[in-house]
Structure formats: structure tokens, C-alpha cells
Amino acid sequence: MSRHVLVTGGAGFIGTHLVRNLHQQGHRVRVLDVFDSQVHSTAEPRFTSEIAECVTGDVRDPKPSDSACGMSIASCIWPR
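Residues numbered from 1 in each chain as written. Predicted model: local features only at pLDDT ≥ 70, side-chain atom pairs only at ≥ 80, totals over all residues. Heavy atoms only, no water.

## Observations concerning the pairing of strand β1 (residues 4–8)
Here is step 1 of the chain: Most of β1 is tucked away: 4 of the 5 residues are buried.
Here is step 2 of the chain: Across 5 bridges, β1 lies against strand β2 (residues 28–33) in parallel orientation. Paired with Val5 across the strands is Val29, a residue of β2.
Here is step 3 of the chain: Handedness of the crossover joining β1 and β2 through helix α1 (residues 13–24): right-handed. (Buried < 20%, exposed > 50% of the residue type's maximum accessible area, 1.4 Å probe, protein only. Helix = DSSP H or I, 4+ residues; strand = E, 2+ residues; numbered from the N terminus. Pairing = 2+ DSSP bridges. Right-handed = clockwise from strand over helix to strand, strands pointing away.)

## Digging into α1
Here is step 1 of the chain: Taking 1.5 Å of rise per residue, 12 residues should cover 16 Å, and α1 covers 17 Å from first to last C-alpha, within 8% of that figure.
Here is step 2 of the chain: Buried within α1 are the following residues: Gly15, Thr16, Val19 and Leu22. Taken end-on, α1 shows its buried residues confined to a sector of 130°, consistent with a single buried face. Those residues of α1 that are exposed and angled more than 90 degrees off the buried face are Phe13, Ile14 and Gln24.
Here is step 3 of the chain: Just downstream of α1 lies Gly26, where phi reads positive at about 95°. (Expected span 1.5 Å × (residues − 1). Arc of directions from axis to C-beta.)

## Some words on the nonpolar core
Here is step 1 of the chain: Judged by nonpolar contacts, Val5, Val7, Val19, Leu22, Val29, Val31, Ile51 and Ala52 together constitute the single largest core of 8 residues.
Here is step 2 of the chain: Of all the secondary-structure elements, those providing two or more residues to this core are β1, α1 and β2. (Core = buried A, V, L, I, M, F, W, Y, C linked by side-chain atoms within 4.5 Å.)

## Details of the pattern of salt bridges
Here is step 1 of the chain: Throughout the structure, instances matching the rule amount to 1 salt bridge.
Here is step 2 of the chain: A salt bridge links Glu53 to Arg30, with the nearest nitrogen and oxygen atoms 3.0 Å apart. In this pair, Glu53 is assigned in strand β3 (residues 52–56) and Arg30 in strand β2, connecting sequence segments 23 residues apart. (Salt bridge = Lys/Arg side-chain N within 4 Å of Asp/Glu carboxyl O.)

## Let's talk about the confidence of the model for the protein chain
Here is step 1 of the chain: Confidence in the prediction for the protein chain averages 77 pLDDT; 66% of positions are at 70 or higher.
Here is step 2 of the chain: In the model of the protein chain, strand β4 (residues 75–77) stands out as the element of lowest mean pLDDT, 54, in contrast to α1, which has the highest, 90. (pLDDT = per-residue confidence, 0-100.)

## Observations regarding the side chain of His27
Here is step 1 of the chain: Inspection of the secondary structure assignment puts His27 in the loop between α1 and β2.
Here is step 2 of the chain: For His27, a relative accessible area of 13% corresponds to the buried category.
Here is step 3 of the chain: Among the polar contacts listed, one links the side chain of His27 to the backbone nitrogen of Arg3, at a separation of 3.0 Å.
Here is step 4 of the chain: Contacts of His27, omitting those with residues within four sequence positions, involve Met1, Ser2, Arg3, Val5 and Leu22. (Polar contact = N/O pair within 3.5 Å; in protein donor to acceptor, adjacent residues only side chain to side chain. Contact = heavy atoms within 4.5 Å.)

Here it is, written out as C-alpha cells:
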């Protein structure tokens, strides 16, 4: 069964692998990531838009978080 999945921090090392795995399983994936310059060398995700939709923002900020949760989310995963 295909699900819509939101992955916060999905553009980081662990999140990228998680996003690719979820996509390979047939899920529709949306990523919310702040793209902090200390963590990311560029503000570009390590995956293409065909794999996941990317929303730039901080999970602590309601506006991008609400935008990222705009689709019907079946699962939320917070890699740490």
C-alpha cells in the first residue's frame, strides 16, 4: 500500500537514505529540511524532485511546517 510520508531532516545523510528507501517502496515522499549551512554544503537536496518533494524550512516554524503537512500524511519520521 502506497502512503504519503513526511520526513523531517530528510536532506541529511540518514534522511536521504530513508527518503530513497521509501521511494523505492512506492511511497510518495515529502521532505522538510532547514538546509543549515553547517550541515549542508549547498541548499540542494541529494535526491531529485522525482524521488521527493522538498520544502525548505525549520520544523519549529509553523508556516513551513504547516505547508509541509499540507498533504494527507500517513507517517511522520524524524531521523536524529
